[in-house]
Amino acid sequence: MTVQLAGADAFHRWCTVADEVRSTTKRLQKLAALVDYFPSLPDDALAIAARFFSAIVFPRHDARTTQVGGSILWAALASLTGLSDESLAEAYGRHGDAGDMVGDVLVDRPASAHSLGWIEERFAALARATGSTARREIVRGALASLGGNEVRYFAKLLAGELRIGLKEAQVEEAVARTFERPLEQVRHANRLRGDIGEVAILARQGRLELVRLALFHPIGFMLAQPLATPEAIVEALPSPFVLEDKYDGIRAQAHVDGEEVRLFSRTLDDITRGYPEVVASLRGLGAGLVLDGELIAVDPVDRRRARPFAVLQRRLGRKAPTPAVLAEAPVGFVVYDLLAIDHELVLDSSYEARRAHLSSLSWRDDSALMASNTLAVTAHDVETAFARARDAGNEGLIAKDPASAYTPGRRGKSWVKLKRALATLDVVVTGVERGHGRRNHVLSDYTFAVRASEVDPTLLNVGKAYNGLTDAEIATLTKRFESITTERFGRFHTVRPEVVLEVTFDIVQRSTRHKAGYALRFPRIVRVRDDKLPTEIDTLARVRELAGDSDPSTDDA
DNA sequence: TATGACTGCCC
DNA sequence: ATTCTGC
DNA sequence: GCAGAATGGGCAGTCATA
């Protein structure tokens, strides 16, 4: 039975529940807080509350964004309170979180009567607004009229993360429990609809089973679990298993119905306009199709061959690619799965059955083509295929259980990925920064350098890394970095270059970001090298070599 | 008109 | 994207 | 084993400002 209280949809009530969630690390207790709260809400507020607990301000499939980040929030807060940058920085320093800074500065304001709907309307107003000045004024106005705890969560929602130990998967669980529906049904409906808010209402109404495939409305993607070695893959999958190359591109889902085609990204955004050659190639491929694959920059000579991700990146995010860009960086779509055919979902069919459907389509040209695959049994098979994939310019391998269903959202072990770090570098830390959130009080983010050459000890920054070390190691290093700090600029410390780290990464790319002229993709820390001196670290020549840049002597001018 | 800060979204 | 941590 | 937290590098688009 739904009990509706006066003011049940008040935002300050939502904030109280969020505090309750935040106050415990126990999942069951977090769920209980939501399960107590949800029934009291009318439908429209229930949808908003469910989205907000997932740190989502608009339905996922909704293209709107607030275009508000830390900078606009900061400016709005400064304008409202008249506080200096220094005082605001101090408040930020107490929490390491934008929302908690706002809550700190605007403490003691009485709760407002604003509803969840009112808050949602403010986000909508931000999405409609043009220019950062207008957005700052909207944020300022909202902060001015909200209570102390409400401003905290309003800001956290703007920042896109709550940091209360709750994410969308737990909200799905809470919806299932609240309305006594099977969790799998709730998850499935959410994967199909892409809006936990709508799903919460359907769960209450007992209408989840009515959720069907709606073509041109994106479905959640199936993800692969990373494994480090071929042996681990052999162990994780039944034998024989399927191997496909892992392309370094953009994951995309294509919906095709006759001449109509639409492309969606992993975040369920509509990216159709950016890839006209792929759209043209998919037209007329079939009726009621949903395809899963990778958009890649293709080699114009051998169109089955992918070019580096950096080439594709010039196409990424473009609203309307110019003819020049289309010619310079042609894109292809490598399709490896089929989720629907003739308007029927086939997620529960086996990989093999889905691939059979794919094969039955008449692929017309090479801007959209089927990914090839092979069968493997042993670790040696995997090793051989991995080497071949790398030779073909691809990132690594995806191994799949041929009998497995397509399970969106879950990083199960029926799809497993094998990548390999390019190499490791020994580097010295030149600067460190305080972290955010639970790392607010430690120095957790390290900028590091290599030596200019064997004879030139000049240090050239080449990257920044924050992960790979345990909390205990970070705590130890924090003390050490405090003791060798030479200068402070806000949260940043310059340190004496003494601490040597071994770092790893996927690739090295040319970059203007760091002094070395190169940057690392996916940098992470392997270990602290207390056995090494700063004079023993790697040099720029080594970085160049890893980047694949030829003869360094020719371009040192 | 050119440049750079900010934001979002790809990996 | 990757990695570590708490449950 | 899952879910959550913290955070790298780079490009396009938009707008404020020099």
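This is a predicted model, so every value here is computed, not measured.

1. Description of the overall build of chain A
Okay, step 1: A count of helical and extended segments in chain A gives 20 helices and 20 strands.
Okay, step 2: Computed over its C-alpha atoms, the radius of gyration of chain A comes to 26 Å, within 12% of the 24 Å expected for a compact globule of 557 residues.
Okay, step 3: C-alpha extents for chain A along the principal axes are approximately 70 × 65 × 50 Å.
Okay, step 4: Counting all 557 residues of chain A, 51% fall into the buried class.
Okay, step 5: Look at the contacts in chain A between residues 6 or more apart in sequence, and 70% of them connect residues 24 or more apart.
Okay, step 6: With an accessible surface of roughly 25,200 Å², chain A has 52% of that area assigned to carbon and sulfur atoms.
Okay, step 7: Charged side chains in chain A number 73 positive and 76 negative. The centres of these two groups are separated by 2 Å.

2. Comments concerning the side chain of Ser511
Okay, step 1: Here Ser511 shows up in the loop between strand S18 (507-510) and strand S19 (518-521).
Okay, step 2: For Ser511, a relative accessible area of 18% puts it in the buried group.
Okay, step 3: Sequence-distant contacts of Ser511, that is, excluding residues within four places in its chain, are made with Gly517, Tyr518 and Ala519.

3. Some details on the pattern of salt bridges
Okay, step 1: Tallying each qualifying case throughout the model produces 49 salt bridges.
Okay, step 2: With a shortest N-O distance of 2.9 Å, Glu173 and Arg27 are connected by a salt bridge. Of this pair, Glu173 sits in helix H10 (residues 168-178) while Arg27 sits in helix H2 (residues 27-37), placing them 146 residues apart in sequence.
Okay, step 3: By relative accessible area, which is 12% here, Glu173 ends up buried.
Okay, step 4: For Arg27, a relative accessible area of 45% corresponds to the partly exposed category.
Okay, step 5: In this structure, Asp100 engages Arg152 in a salt bridge whose closest nitrogen and oxygen atoms are separated by 2.7 Å. Highlighted residues: Asp100 in helix H6 (residues 98-105) and Arg152 in helix H9 (residues 148-159), separated in sequence by 52 residues.
Okay, step 6: Taking relative accessible area as the criterion, Asp100 reaches 6% and is therefore assigned buried.
Okay, step 7: The buried category is assigned to Arg152, whose relative accessible area is 17%.
Okay, step 8: One network of salt bridges, with partners in common, ties together Arg22, Asp97, Asp100, Arg152, Lys156, Glu161 and Arg163.

4. Description of the environment of Phe448
Okay, step 1: By the secondary structure assignment, Phe448 is in strand S13 (residues 443-451).
Okay, step 2: Between the C-alpha atoms of Phe448 and Glu209, which are 239 residues apart in sequence, the distance is 54 Å.
Okay, step 3: Not counting residues up to four positions away in its chain, the partners in contact with Phe448 are Val427, Val428, Val429, Thr430, Leu460, Asn461, Val462, Gly463, Lys464, Ala465, Val503 and Leu520.

5. With respect to the packing of aromatic side chains
The geometry of an aromatic ring pair comes down to the distance between the two centres and the angle between the two planes.
Okay, step 1: Evaluation of the coordinates by the stated rule reveals 13 aromatic pairs.
Okay, step 2: Between Phe11 and Phe52 the ring centres are 6.5 Å apart and the planes differ by 85°, which places this aromatic pair in the edge-to-face class. Taken together, the positions of Phe11 in helix H1 (residues 11-22) and Phe52 in helix H3 (residues 43-53) put the pair 41 residues apart, joining distant regions of the chain.
Okay, step 3: Note on Tyr336 and Trp415: the rings are 6.4 Å apart at their centroids and 80° apart in plane angle, and the pair reads as edge-to-face. Highlighted residues: Tyr336 in strand S6 (residues 331-341) and Trp415 in strand S11 (residues 415-418), separated in sequence by 79 residues. Side by side, Tyr336 and Trp415 carry an identical accessibility label, which is buried.
Okay, step 4: The side chain of Arg122 reaches across the aromatic face of Trp118, ending 5.8 Å from its centre.
Okay, step 5: The ring centre of Phe386 lies 4.6 Å from the NZ or CZ of Arg420, which sits over that ring.

6. Overview of the domain arrangement of chain A
Okay, step 1: On domain assignment, one finds that chain A holds domain 1 (223-419) and domain 2 (424-556).
Okay, step 2: For domain 1 versus domain 2, the distance between C-alpha centres works out to 35 Å.

7. A few points about the protein's contact with DNA strand D
Okay, step 1: For DNA strand D, the set of nearby residues contains 36 residues, the closest of which are Arg163, Gly165, Gln170, Arg438 and Tyr466.
Okay, step 2: When the atoms of DNA strand D within 4 Å of the protein are sorted by group, sugar and phosphate make up 87%.
Okay, step 3: Between DNA strand D and Arg318, the relevant distance is 2.7 Å, taken from a phosphate oxygen to a side-chain nitrogen or oxygen of the residue.
Okay, step 4: In the environment of DNA strand D, a phosphate oxygen lies 3.2 Å from a nitrogen or oxygen atom belonging to the side chain of Arg513.
Okay, step 5: Elements with a minimum of two residues in the surface near DNA strand D: helix H8 (132-145), H10, S13, strand S14 (459-465) and S19.
Okay, step 6: Its residues assigned to classes, the surface near DNA strand D comprises nine nonpolar, 15 polar and twelve charged.

Conventions used here
- Residues numbered from 1 in each chain as written.
- Chains lettered and ligands numbered in written order.
- Predicted model: local features only at pLDDT ≥ 70, side-chain atom pairs only at ≥ 80, totals over all residues.
- Heavy atoms only, no water.
- Helix = DSSP H or I, 4+ residues; strand = E, 2+ residues; numbered from the N terminus.
- Rg over C-alpha atoms; globule rule 2.2 N^0.38 Å.
- Buried < 20%, exposed > 50% of the residue type's maximum accessible area, 1.4 Å probe, protein only.
- Contact = heavy atoms within 4.5 Å.
- Areas by Shrake-Rupley, 256 points an atom, 1.4 Å probe, with all protein chains shown as cover.
- Lys, Arg positive; Asp, Glu negative; His and termini not counted.
- Charge placed at Lys NZ, Arg CZ, Asp CG, Glu CD.
- Salt bridge = Lys/Arg side-chain N within 4 Å of Asp/Glu carboxyl O.
- Phe/Tyr/Trp six-rings, centres within 6.5 Å; stacked < 30°, edge-to-face > 60°.
- Lys NZ or Arg CZ within 6 Å of the ring centre and 35° of its normal.
- Domains from an automatic or database assignment.
- Near = heavy atom within 4 Å.
- Polar contact = N/O pair within 3.5 Å; in protein donor to acceptor, adjacent residues only side chain to side chain.
- Nonpolar A, V, L, I, M, F, W, Y, C, P; charged D, E, K, R; others polar.

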